[in-house]
Amino acid sequence: MSETERPSGASGGLNTSVAHNARVWNYWIGGKDHYEVDQAVGEQVASMFPVIRDVARADREFLGRAVRFLAGERGVRQFLDIGTGLPTLDNTHEIAQRIAPESRIVYVDNDPIVLVHARTLLTSTGEGATAYIDADAHDPDAIVEGAASTLDFDRPVAVMMLGILNFVLDAGKARDIVRRVMAAVPSGSCLVLTHPTTDGDLGGEGNVPAMKIWNENATPPITARTRAEITAFFDGLDLVEPGLVSCGQWRAEPGAGVTLPQFGAVAVKP
């Protein structure tokens, strides 16, 4: 097992008096790594937007399908998981290394409670490697620099950005983050992305009041975007079939796909 930047404990920024996204998300998917304040805000949001629990689960299931597709069908052996959140069952490295034990995975997050639990993410097969970088998505250059000690940027990398760009409120900055990370990886690399939407055909109008409640009671602030705004993140990339769709429908088993106000897609760098 190869491990880099192994965390030894929490950094000084852990605040248990305000609900935090990673912990509320953990609550919605049935995890145990949250506090009463996270449960309270999670219940408040879910009471007005009940589908949010389904969104959280579907987002996680999308991750599994995307990693299996990339490792199993496209032969990707390197993953850069930005904004990984709290460890749970079937993390990226577990799915990828089940298919290809030599896979190398770098996780990135800057939430102190994720840092505490990051040792769970640093288990690996002997043939592969895992690493954790304590870094902010707003600093893509630092992420690329830190990941370079584990990943070979001359070979394809799957860049995972699941539910992270919605915390970058400025659309231009969010696009720039994607552009800079994807510029650092070679042809054949992939962008894997999920993002909440306001589009009415996916039921996204409910995201607006739910996010207002969230932004008044929790951290970090969040935003949803339209289909066109999310599509712009894939500029210069080739979307894999079925393209940009509800994450619950992306390559789901026949009859199992559900329409939820969260887009998901995988795209390849030409």
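So, how was this worked out
- Residues numbered from 1 in each chain as written.
- Predicted model: local features only at pLDDT ≥ 70, side-chain atom pairs only at ≥ 80, totals over all residues.
- Heavy atoms only, no water.
- Helix = DSSP H or I, 4+ residues; strand = E, 2+ residues; numbered from the N terminus.
- Buried < 20%, exposed > 50% of the residue type's maximum accessible area, 1.4 Å probe, protein only.
- pLDDT = per-residue confidence, 0-100.
- Contact = heavy atoms within 4.5 Å.
- Salt bridge = Lys/Arg side-chain N within 4 Å of Asp/Glu carboxyl O.

Draft legend 1. Representation of the environment of Gly42 in the model. Turning to its location among the elements, Gly42 is positioned in helix α2 (residues 36-48). The class of Gly42 is buried, set by a relative accessible area of 0%. Here the alpha-carbon distance between Gly42 and Asp134, two residues 92 residues apart in the chain, equals 25 Å.

Draft legend 2. Region of the structure containing the confidence of the model for the protein. Per-chain confidence: the protein averages 89 in pLDDT, with 94% of residues scoring 70 or above. Low pLDDT, under 50, characterises residues 1-12; the predicted model gives this stretch 31 contacts beyond four residues in sequence or across chains.

Draft legend 3. Structural detail: the pattern of salt bridges. Applying the stated rule across the entire model yields 11 salt bridges. Residue Glu43 is joined to Arg53 by a salt bridge in which the shortest nitrogen-to-oxygen separation is 2.6 Å. Of the two residues, Glu43 sits in helix α2 while Arg53 sits in helix α3 (residues 52-72), which places them 10 residues apart along the sequence. Overall, the relative accessible area of 34% leaves Glu43 in the partly exposed class. Across the pair Arg98 and Asp90 runs a salt bridge, and its minimum N-O distance is 2.6 Å. A relative accessible area of 33% places Asp90 in the partly exposed class. Beyond isolated ion pairs, a larger network of salt bridges with shared partners links Asp141, Asp176, Arg179 and Arg180.

Draft legend 4. Layout of the environment of Gly257. For Gly257, the position within the fold is in the loop between β9 (245-246) and β10 (262-268). On the accessibility criterion, Gly257 (37% relative accessible area) is partly exposed. Considering only alpha carbons, one finds Gly257 and Cys247, 10 residues apart in sequence, at a separation of 8.7 Å. Not counting residues within four places of it along the chain, the set of residues in contact with Gly257 comprises Gly248, Gln249 and Ala252.

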